[in-house]
Amino acid sequence: MAVARRPGAAADAVLDAVPPVVFEPASTAEAAEALRECAGEKRAVVFVGGGTELGVGAPPRGLGAVLRTGALSRVVEYAPADQIVTVEAGITLAALQGSLRGHHQRLALDPPRAGEATVGGIVAANSFGPLRTRYGTSRDLIVGVTLVRADGVVARGGGKVVKNVAGFDLPRLMVGSLGTLGLIATATFRLHPLPDESATLLLPGLAAAAVRRLAARLREAQLEPAAVAVVGINPFDAAVRFEGFTASVKAQSERLAAIAGELGAACDRLAPAPAASWWERHDAARSRGAVRLKLAALPSQFETVAREAIGAVATAAAGSEYVGYPTLGLGFVSAPAAGNGLAAAIGAARAALERLGGSLAVHAAPPELRAALDPWGAAPPALALMRSLKAQLDPEARLAPGRQAGGI
Amino acid sequence: MSTRPGTHAAAAGKVTAGVAARMAAIVGARNCISEASELSTYECDGLLAMRVAPGLVVLPGSTEEVAAVVRLAREAGLAIVPRGAGTGLSGGALPVPGCVVVALSRMRRILAVDLENGWMRVEPGIANLDVSKHLAPAGAYYAPDPSSQSICSIGGNVAENSGGAHCLKYGFTTNHVLGVRAVLADGSVADIGGPVLDAPGYDLLAALVGSEGTLAIVTEVVLRILRKPEATRTLFATFPTTDEAGQAVSAIIASGIVPAAIEMMDRLAIVAAKAATGVDWPEVGAALLMDVDGPLAEAEFTVANAERLVRSAGALEVRRPRDEAERALMWKGRKSAFAAVGRISPNYIVQDGVIPRSEIARVLGEVERLATEAGLRVANVFHAGDGNLHPLVLYDGHVAGQQQRAEELAGEILRMCIRYGGSITGEHGVGADKVLYMCDMFGRDDLETMDLVRAAFDPGRLFNPGKLLPTPRLCGERPGPYVPHPAEVAGVAERF
């Protein structure tokens, strides 16, 4: 059977490169056929979901085809009593959450742009939002995967139960693989109940040292926030969200107020509407900016990160913003455009983070800045092993070649 | 004791006197075992039914020594079987003929602890419980708690992706390992992951954790450490039958509660636990033991809510421990239930399978029907929250034909788990024991893809050949009986 294809258009561009051919399979079988055809025609192929994270990593070295997953948008199986759902990769996060809400459940992932971002793309790009504070990433929630290899072979890993150690963990191996190991055709996830109550508390105007202290005190005080985020550039506004049963949310909110007192900070419990708009502001800051960089270090290193990484970029680019997750040691800096000296500032920020044992990855950049930047920085220490994995699963290096760290 | 042949791959090379001498030079003569009488200690792990004598056992003391051992074994064409504490239940550390067993038991240091950032670096030979004991004064702990945690090693936990009763809320080993230092099949040393999250590149840890010693030898592990929850509340409830207990589990989960642990025992298991530990449990059809934890207000609210739910599901009696001692006794009763089954049956086979949680009542009914047809009894103790069954098939090896019927029944239960959309193993691993069932659970293309992952790490199939992934030749063979581990018989360790 031949699978439908069409010529690429401007809307199909991957980092400004327009593919000659676009596939839009509507089933795993069609996706497999499309990849077999790509194999036969020696086409390099990039998988595109919502296209929200195409800027992560390096531009692919070749682009013979784009495979769009938008028509793979079904909920394959939903077992509310088991809190397990299997979906096709192209379903948007918002559509999935919508179909879970009736059973008072959710997939505990909240990357920005949920209306566009697809589940497969979220797994492949390891996208996350503030809920990572409590629930981790898709790595902690995925339990099964169907993938289509570069040669068109369809393979399953994991299953549809949470606890399962049979065979290698292919589902987790796909997390963050950026479409370079295989197409995620379906994914199965563990779900969580929607919380009865949610409270967001705002601690405005924290210096970097207070942000670090907040993260440490939350841990020491045995609080279990669902989300902790900061927005701003020294000082930072911190938001802490508690979710769960009403009694627990109330008690934890009161305890946080005491911690804020120790830090000399105000602590305002936001009413529902201002709370929602604070998190919308957070999401917008995560999505904005011609330049977006992901920063990783240890939570205790935040003062150094603020000074030498966030500060370096902000000094070079007016209008920069930072959104971070202080209990995780992760954050994103964005800048509206690539100004003079930005590449050098990013280099300095990266050097500072790598000295700390961390990293700086490019998630978005205009072409001229990209040309001056390494998207990933220092080669991963296990690069040879990563190359070997790629060579086994995609021996002709046709899946988003060069996009992954180390030029894989 | 009955033994059955290991379902190993073809033996590789043979340990010559020259190789043994060179190995001894690497690790020191007293850490190199080549005498047949001493090698017998290492001829099996917790799966005693399968035994194979290794060619040589080495106990290296450092990453460099492990790397040198691997390089020499590779040069000599010898298979390598890594080994932790030897408590595994699937034959993951079963030697292959003529292999070198690399036992990590001497490497048990704690190398670094960072409480503020929530991680520590340890060597793989350290016992799981010793990690948490070390952290206890600081109010921190390592979450995965396999029931053998007093003796099983962190390295073995990494190999098996070990779980435990409390993984329902906190996840498995794979959710708590941030990085490793590993010796690869070419003898090189790789650092994978680390305390800082989201290192660029592939998530190789995902492949490594749970790889059962087939990909690399881990010589250092970076563990995520958690602050202890502020409060834990425990609830014990009895029911007329497993039907009501299963409904209670469903009601608790449906209410939005995420218990730290929720365990079920049926009548036979309760009888056995009472005989072994003296807990004053009534001999009812089923019992649940549940922990909830978190901030005090959360734990108090949740346990009260859960009590209401189990009562309306038909609980006969609900108990809350008065103090930590009573709580510990409840958990001791639960954790010793399996070893205790030895008191009500001369022999038994332990099974480890997973089903969707909502199917518990139906599956237990089917297990009972299968047991009745086979003329055997099955005791059930399991992690109800995640549908991880541990049926114990009881039999008397002195009665002609019973052992074989028990083996067939245990296998039939696994195939039933697959039919219900579950798994052939929730926490014990595939190892040598269940390698044949991989063909039932996965298709050819699935297994081939996993084999590509293996080839990426170990193209020569040097590490633990014949484990985890079946060769087509092996599909169709059938597994055998359970024999208790000596540590279990001695009461040193519990099985689950």
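All of the points below concern the structure found in this document. (Residues numbered from 1 in each chain as written. Chains lettered and ligands numbered in written order. Predicted model: local features only at pLDDT ≥ 70, side-chain atom pairs only at ≥ 80, totals over all residues. Heavy atoms only, no water.)

1. Digging into the overall build of chain B
In terms of helices and strands, chain B carries 17 helices and 20 strands. Whereas a compact globule of 496 residues would reach a radius of gyration of roughly 23 Å, chain B reaches 22 Å, a difference of no more than 12%. Expressed as lengths along the three principal axes of its C-alpha atoms, the size of chain B is roughly 70 × 60 × 40 Å. Counting every position in chain B, which comprises 496 residues, the buried fraction comes to 65%. In chain B, the proportion of contacts linking residues at least 24 apart, taken out of those at least 6 apart, comes to 74%. Here chain B holds 46 positive side-chain charges and 56 negative ones, and the gap between their average locations is 2 Å. (Helix = DSSP H or I, 4+ residues; strand = E, 2+ residues; numbered from the N terminus. Rg over C-alpha atoms; globule rule 2.2 N^0.38 Å. Buried < 20%, exposed > 50% of the residue type's maximum accessible area, 1.4 Å probe, protein only. Contact = heavy atoms within 4.5 Å. Lys, Arg positive; Asp, Glu negative; His and termini not counted. Charge placed at Lys NZ, Arg CZ, Asp CG, Glu CD.)

2. Quick look at the overall build of chain A
Within chain A one finds 13 helices and 19 strands. Here the C-alpha radius of gyration of chain A, 21 Å, is about what a compact globule of 408 residues would show, namely 22 Å. Projected onto its principal axes, the C-alpha coordinates of chain A cover approximately 65 × 55 × 35 Å. In chain A, which comprises 408 residues, the share counted as buried stands at 62%. For chain A, the exposed area adds up to about 13400 Å²; of that, 55% sits on carbon and sulfur atoms. Considering chain A, the positive charge centre built from 41 side chains and the negative charge centre built from 35 side chains are found 3 Å apart. (Areas by Shrake-Rupley, 256 points an atom, 1.4 Å probe, with all protein chains shown as cover.)

3. Points about helix α7 (residues 208-220) of chain A
Residues and elements named next belong to chain A. Here α7 is 13 residues long and its end C-alpha atoms lie 19 Å apart, about the 18 Å a rise of 1.5 Å per residue gives. Among all positions in α7, only Ala208, Ala210, Val211, Leu214, Ala215, Ala216, Arg217 and Leu218 are buried. On its buried face, α7 is in contact with β12 (197-206), β13 (227-231), β14 (236-244), α8 (246-262) and α10 (302-316). Phi for glutamine 222, located one or two positions after α7, is positive at around 60°. (Expected span 1.5 Å × (residues − 1).)

4. Let's talk about the pattern of salt bridges
Considering all chains together, one arrives at 60 salt bridges over all chains under this definition. The salt bridge partner of Glu41(A) is Arg5(A), with a shortest N-O separation of 2.6 Å. Linking Glu41(A) in the loop between α1 (28-40) and β3 (45-48) with Arg5(A) in strand β1 (residues 5-7), this pair joins segments that are 36 residues apart in sequence. Since its relative accessible area comes to 35%, Arg5(A) is described here as partly exposed. Among the salt bridges present, the one from Arg109(B) reaches Glu123(B), with a minimum N-O distance of 2.8 Å. With Arg109(B) in the loop between β4 (100-103) and β5 (110-114) and Glu123(B) in the loop between β6 (119-122) and α4 (128-135), the pair connects residues that are 14 residues apart, well separated along the chain. According to the relative accessible area criterion, Glu123(B) is buried, its value standing at 3%. One continuous salt-bridge network, built from bridges that share partners, spans Glu366(B), Arg369(B), Glu373(B), Glu412(B), Arg415(B) and Arg419(B). (Salt bridge = Lys/Arg side-chain N within 4 Å of Asp/Glu carboxyl O.)

5. Quick look at the sheet that holds strand β6 (residues 84-88) of chain A
Residues and elements named next belong to chain A. Judged by pairing direction, the sheet is antiparallel, and its five strands sit side by side in the order β5-β6-β10-β8-β9 without closing on themselves. Because the sheet does not close on itself, it has two edges, and the strands there are β5 (75-79) and β9 (154-158). Ignoring which end each strand starts from, the neighbouring axes of this sheet average 10° apart. By the bridge criterion, four bridges tie β5 to β6 in an arrangement that is antiparallel. If you follow alanine 79 over to β6, its bridge partner there is isoleucine 84. (Pairing = 2+ DSSP bridges. Axes fitted to C-alpha atoms, helices over the stretch in contact; angles between N-to-C directions.)

6. What about the environment of Arg71(B)?
Residue and element names in this part refer to chain B. Structurally, arginine 71 can be placed in helix α3 (residues 63-76). Sequence spacing of arginine 71 and leucine 462 is 391 residues, and the spatial spacing of their C-alpha atoms is 11 Å. Apart from the residues lying within four places of it in its own chain, the contact partners of arginine 71 are Asp186 and Gly187.

7. Brief notes about the sheet that holds β14(A)
Working definition: the strands of a sheet are paired by backbone hydrogen bonds and lie parallel or antiparallel to each other. All names here are of chain A. The eight strands are arranged β15-β12-β14-β13-β17-β18-β16-β19 in an open sheet whose pairing can be described as antiparallel. Edge positions in the open sheet fall to β15 (268-269) and β19 (359-364), since each of these has one partner strand only. Along the sheet face, helix α9 (residues 272-287) touches β12, β13, β14, β16 (291-296), β17 (321-325) and β18 (330-335) and points at about 65° away from the line of β13.

8. Examining the pairing of β6(B)
Residue and element names in this part refer to chain B. Note: β5 against β6, four bridges, orientation antiparallel. By the bridge assignment, valine 113 is partnered in β6 with methionine 120. Joining the antiparallel neighbours β5 and β6 is a turn of four residues, in which glycine 118 adopts a positive phi near 75°. Pairing between β6 and strand β10 (residues 217-224): four bridges, direction antiparallel. Directly across from methionine 120, in β10, lies its bridge partner leucine 223.

9. Here's the deal with the interface of chain A and chain B
By convention, interface size is frequently given as the accessible area that disappears when the constituent parts associate. Facing 71 residues of chain A, the contacting portion of chain B comprises 88 residues. Taking both partners together, chain A and chain B bury about 6600 Å²; carbon and sulfur atoms supply 58% of that area. Considering only the side of chain A, the residues that lose the most area to chain B are Lys163(A), Phe168(A) and Phe245(A), jointly responsible for 15% of the buried surface there. Here chain A and chain B share nine salt bridges between them. The interface formed by chain A and chain B contains 27 residue pairs in polar contact (both at pLDDT 80 or more). Elements with a contribution of two residues or more to the side of chain A that touches chain B: α5 (138-141), β9, α6 (170-174), α7, α8, β16 and α13 (383-393) of chain A. Considering every element that reaches the side of chain A that touches chain B, the biggest residue donor is α13(A), with seven residues. Split into classes, the residues belonging to the side of chain A that touches chain B amount to 35 nonpolar, 18 polar and 18 charged. (Buried area = accessible area lost by both parts, 1.4 Å probe. Polar contact = N/O pair within 3.5 Å; in protein donor to acceptor, adjacent residues only side chain to side chain. Nonpolar A, V, L, I, M, F, W, Y, C, P; charged D, E, K, R; others polar.)

10. Digging into the pairing of strand β18 (residues 377-383) of chain B
All names here are of chain B. Here β18 lies mainly inside the structure; six of its seven residues are buried. As paired strands, strand β13 (residues 261-266) and β18 are joined by three bridges and run antiparallel to one another. By the bridge assignment, methionine 264 is partnered in β18 with phenylalanine 382. Pairing geometry for β18 and strand β20 (residues 391-395), over four bridges, is antiparallel. Counted as the bridge partner of asparagine 380 is proline 391 from β20.

11. What to know about unusual backbone geometry
Residue and element names in this part refer to chain A. Omega for the bond connecting asparagine 234 with proline 235 falls within 30 degrees of zero, at 5°, which places this linkage in the cis form. Among the structural elements, proline 235 can be located in the loop between β13 and β14. Residue histidine 104 is not a glycine yet carries a positive backbone phi of 60°. Inspection of the secondary structure puts histidine 104 in the loop between α2 (93-101) and β7 (105-106). Of note, the phi angle at arginine 113 is positive, near 60°, even though the residue is not glycine. Within the fold, arginine 113 resides in the loop between β7 and α3 (119-125).

12. Topic: the environment of Lys294(A)
Topologically, Lys294(A) is positioned in strand β16. As a C-alpha pair, Lys294(A) and Val56(A) span 238 residues in sequence and 9.5 Å in three-dimensional space. Once residues lying within four places of it in the same chain are set aside, the contact partners of Lys294(A) are Phe128(A), Leu330(A), Gly331(A), Phe332(A), Ser359(A), Leu360(A), Ala361(A), His363(A) and Asp198(B). Only 2.6 Å separates the side chain of Lys294(A) from the side chain of Asp198(B), close enough to count as a polar contact.

13. Remarks on the packing of aromatic side chains
The geometry of an aromatic ring pair comes down to the distance between the two centres and the angle between the two planes. Inspection of every chain in the model, using the stated rule, returns nine aromatic pairs over all chains. Each ring, one from Phe236(B) and one from Trp281(B), has its centre 4.7 Å from the other, and the planes form 20°; the classification is stacked. Placement of Phe236(B) in strand β12 (residues 231-239) and of Trp281(B) in the loop between α9 (267-277) and β14 (286-294) is noted, with a sequence separation of 45 residues between them. Pair check on accessibility: Phe236(B) and Trp281(B) agree, each one buried. Of the aromatic side chains, those joined through ring pairs into one cluster are Phe128(A), Tyr325(A) and Phe332(A). The ring of Phe128(A) carries Arg132(A) above its face, with NZ or CZ at 4.5 Å from the centroid. Directly above the ring of Phe332(A) sits Arg286(A), whose terminal nitrogen or CZ lies 4.0 Å from the centroid. (Phe/Tyr/Trp six-rings, centres within 6.5 Å; stacked < 30°, edge-to-face > 60°. Lys NZ or Arg CZ within 6 Å of the ring centre and 35° of its normal.)

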